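# Structural features, examined
Residues per chain, in single letters:
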Amino acid sequence: MPQPPQIRTEPLISGPITRRTVLKAGGTLLLSVLPALPAQAAQILAVRVWPADDYTRVTLENDTDLKATHFTVPDPQRLVVDIEGLELNPTLKGLVAKIQSNDPYIKQVRVGQNRPGVVRLVFDLKEEIKPQVFTLAPVGTYNHRLIFDLYPIRPADPIAAMIEKGEWSRQDAPVSPELPPHAPPATPVAPPVAATTPAPTPAPTPAPQPPAVVPEPPAVAARPEPAPAPAPGKVVRMITIALDPGHGGEDPGAIGASGAREKDLVLSIAKRLKFKLEQLPNVRVMLTRDGDYFVPLGTRVEKARKVQADLFISIHADAFLRPSARGSSVFVLSEKGATSTAARWLANKENLADSIGGINMKGHDKQLASVLLDLSTTAQINDSLKVGSAVLGEIGGIARLHKGSVEQAGFAVLKAPDIPSILIETAFISNPEEEARLKDNGYQDEIATAITKGIRRYFSKNPPLAKSRMT
Ligand SMILES: [Zn+2]
């Protein structure tokens with residue numbers, strides 16, 4: 001029977017008699033014998049919980065660097081964390097109410113003063129987990145952070161996850177579209193023709209196609225888009241596209257003057273883009289994140305490589321110190337320095353995501369990064385420039401461009417050595433006018449359509465071949 005979340009001030013786990021128990025037994029007289037607490041106990045400033053299938057993160061933001069020890073207990077599965085130099089306060093108690101019933105890993109949390117100066121958190125778990133407990137130094141607008149990352153023992157394979165969602169084996173069967181949130185009902189985005197539609201529908205709506213190459217789009221993009229013409233007899237393998245909405249969770253990305261957060265806008269655009277790309281024949285799409293949680297840069301690349309993506313598209317919204325900066329940009333990786341100071345500045349800023357989002361430096365990401373750096377990237381960059389130009393050209397048809405050509409810089413997220421990778425700065429969120437456009441459903445749809453056209457144009461000129469891959 002599920003127990004309601006509760007705050008306990010009693011010792012939470014049976015074990016050695018705690019000082020508190022002694023205190024109770026002995027009465028107030030003992031108080032004077034207890035060692036005095038540090039003049040000022042650490043304060044918890046904020047608690048945040050980021051549940052996701054990948055992992056659930058709990059963040060305690062504090063005014064000082066906290067020391068924590070942890071252990072797991074089976075039957076039933078629990079994670080116990082003792083935090084030193086801390087007194088219970090209402091903010092910390094608020095953690096109890098922040099655990100959602102649909103959290104993949106946490107059933108509930110109990111918070112209590114285990115003994116003077118030590119707060120104990122007990123996470124009652126839904127399954128056995130692999131915890132990572134670490135601290136982060138102040139960065140950006142954050143003070144000290146104590147992080148608990150609860151990973152599943154067996155991480156979900158991205159392909160298995162897509163099969164489960166019905167996205168991997170899908171061939172020509174129309175799937176129920178995953179409509180992005182806030183989709184404008186008045187202008188439906190190219191709905192797939194339902195298999196049961198009785199009357200023959202005249203184009204423009206694309207019908208399910210037999211396996212075919214992605215066709216050449218018309219030279220001048222006309223609206224509505226004509227249905228792609230099949231190339232009979234030519235069987236092509238599925239194209240897998242990894243879409244990477246930037247930031248997420250602890251890392252909001254850039255924030256506009258009206259408060260719009262890059263992480264939310266780019267997720268919304270990426271979901272629209274996924275939907276549109278899936279209307280193309282033989283295309284399937286993997287999102288590196290589909291919710292509001294942080295994915296380290298190296299993990300984004302790793303996910304794309306696990307599904308053997310043919311293309312990696314990272315979606316962002318630019319920010320600059322001057323609110324007048326404007327326009328869309330497309331970036332690819334550079335081996336020999338950035339093509340402009342602004343590009344280098346931006347790459348450095350985007351690469352900060354890991355420290356703001358927060359990764360455990362003792363984790364394995366560093367190892368992955370060094371492996372990737374050793375591999376040649378020249379061919380990847382050449383292909384990326386081709387995709388980048390095609391996409392930039394299409395975006396130029398609907399939006400002002402920041403610069404007329406694809407730029408290059410050392411973006412960490414573009415470093416998959418075997419996957420053409422581009423990073424799109426859809427607009428400047430720091431420009432109030434562009435922030436307003438980015439928040440607009442119609443504009444989000446337009447930009448997703450333009451990117452789709454660019455990708456289609458690229459694949460029509462560079463059809464994917466069966467290729468052996470590095471693994
Ligand atoms: Zn960004």
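The paragraphs below set out a description of the structure included in this document. All of these numbers come straight from a predicted model, not from anything done at the bench. (Residues numbered from 1 in each chain as written. Predicted model: local features only at pLDDT ≥ 70, side-chain atom pairs only at ≥ 80, totals over all residues. Heavy atoms only, no water.)

Next up on the list: the overall build of the chain. A count of helices and strands for the chain gives 12 helices and 14 strands. Within the chain, buried positions represent 49% of all 471 residues. Considering only intrachain contacts with a sequence separation of at least 6, the fraction spanning at least 24 residues in the chain is 74%. Taken as a whole, the chain presents about 22,000 Å² of accessible surface, with 57% of it coming from carbon and sulfur. (Helix = DSSP H or I, 4+ residues; strand = E, 2+ residues; numbered from the N terminus. Buried < 20%, exposed > 50% of the residue type's maximum accessible area, 1.4 Å probe, protein only. Contact = heavy atoms within 4.5 Å. Areas by Shrake-Rupley, 256 points an atom, 1.4 Å probe, with all protein chains shown as cover.)

Locating S430 in the fold gives a position in the loop between β14 (421-428) and α11 (432-439). Residue S430 is classed as buried on the basis of its relative accessible area, which comes to 16%. Only 2.9 Å separates the side chain of S430 from the backbone nitrogen of F320, close enough to count as a polar contact. Dropping the residues within four chain positions of it, S430 is found in contact with D318, A319, F320 and P323. (Polar contact = N/O pair within 3.5 Å; in protein donor to acceptor, adjacent residues only side chain to side chain.)

What follows deals with the pairing of strand β2 (residues 56-62). Of all the 7 residues making up β2, 7 are buried; the element is thus mostly covered by neighbouring parts of the structure. Of the two faces of β2, the one carrying T56, V58, L60 and N62 and the one carrying R57, T59 and E61 are both buried. Here 6 bridges tie strand β1 (residues 44-50) to β2, and the two strands are oriented antiparallel to one another. The residue bridging R48 from the neighbouring strand is T59, located in β2. Between β1 and β2, which pair antiparallel in sequence order, lie 5 residues. (Pairing = 2+ DSSP bridges.)

Glancing now at the sheet that holds strand β4 (residues 78-84). Ordered in space as β3-β4-β6-β5, the 4 strands form an open sheet in which the pairing is antiparallel. This sheet does not close on itself; its edge strands, each paired only once, are β3 (68-73) and β5 (106-115). Each strand axis lies, on average, 15° off the axis of its neighbour in the sheet, ignoring direction. (Axes fitted to C-alpha atoms, helices over the stretch in contact; angles between N-to-C directions.)

Around the zinc ion, the protein contributes the donor atoms H247 (NE2), E262 (OE), H316 (ND1), E350 (OE) and E350 (OE), at 2.1 to 2.4 Å from the metal centre. All donor residues of the zinc ion come from one chain, and their arrangement in sequence is H-x14-E-x53-H-x33-E. Here H247, found in the loop between β9 (239-245) and α5 (262-277), pairs with E262, found in helix α5; they are 15 residues apart in sequence, far enough to count as distant. (Donors = N, O, S within 2.8 Å, 3.2 Å for Na, K, Ca; no water.)

So, about the packing of α5 against helix α12 (residues 441-461). The interhelical angle for the contact between α5 and α12, taken along N-to-C directions, is 50°, at an axis separation of 9 Å. When the interaxial angle is binned, α5 and α12 end up oblique. As for the relative orientation of α5 and α12, their crossing is right-handed in sense. Residues L265, S268, I269, R272, L273, K276 and L277 of α5 pack against N441, Q444, D445, I447, A448, T449, I451, T452 and I455 of α12. (Parallel < 35°, antiparallel > 145°, perpendicular 65-115°, else oblique. Left-handed = near helix turned anticlockwise from the far one by under 90°.)

This brings us to the packing of aromatic side chains. Taken as a whole and assessed by the stated rule, the structure comprises 6 aromatic pairs. An angle of 10° between the planes, with centres 4.8 Å apart, marks the rings of Y55 and Y151 as stacked. Of this pair, Y55 sits in the loop between β1 and β2 while Y151 sits in strand β8 (residues 144-152), and the two are 96 residues apart along the sequence. By relative accessible area, Y55 is classed as buried at 5%. Given the relative accessible area of 25%, Y151 is considered partly exposed. Ring centres of F331 and F411 lie 5.1 Å apart, and the angle between their planes is 55°; this geometry places the pair in the tilted category. With F331 in strand β12 (residues 329-333) and F411 in the loop between β13 (407-409) and β14, this pair connects stretches of sequence that are 80 residues apart. (Phe/Tyr/Trp six-rings, centres within 6.5 Å; stacked < 30°, edge-to-face > 60°.)

This part is about the sheet that holds β12. Strand order in the open sheet made by the 6 strands is β10-β9-β11-β14-β12-β13, with mixed pairing throughout. Pairing within the sheet leaves two strands with one partner each, and these edge strands are β10 (283-287) and β13. In this sheet, adjacent strand axes meet at a mean angle of 30° when their direction is disregarded. Across 6 bridges, strand β11 (residues 311-318) lies against β14 in parallel orientation. The residue bridging D318 from the neighbouring strand is F428, located in β14.

Here the focus is the side chain of E434. Considering the arrangement of structural elements, one finds E434 in helix α11. No salt bridge forms around the buried E434; measuring N to O, its nearest opposite-charge neighbour R326 is 4.2 Å away. Discounting chain neighbours no more than four positions away, the residues touching E434 are R326, G327, A427 and F428. (Lys, Arg positive; Asp, Glu negative; His and termini not counted. Salt bridge = Lys/Arg side-chain N within 4 Å of Asp/Glu carboxyl O.)

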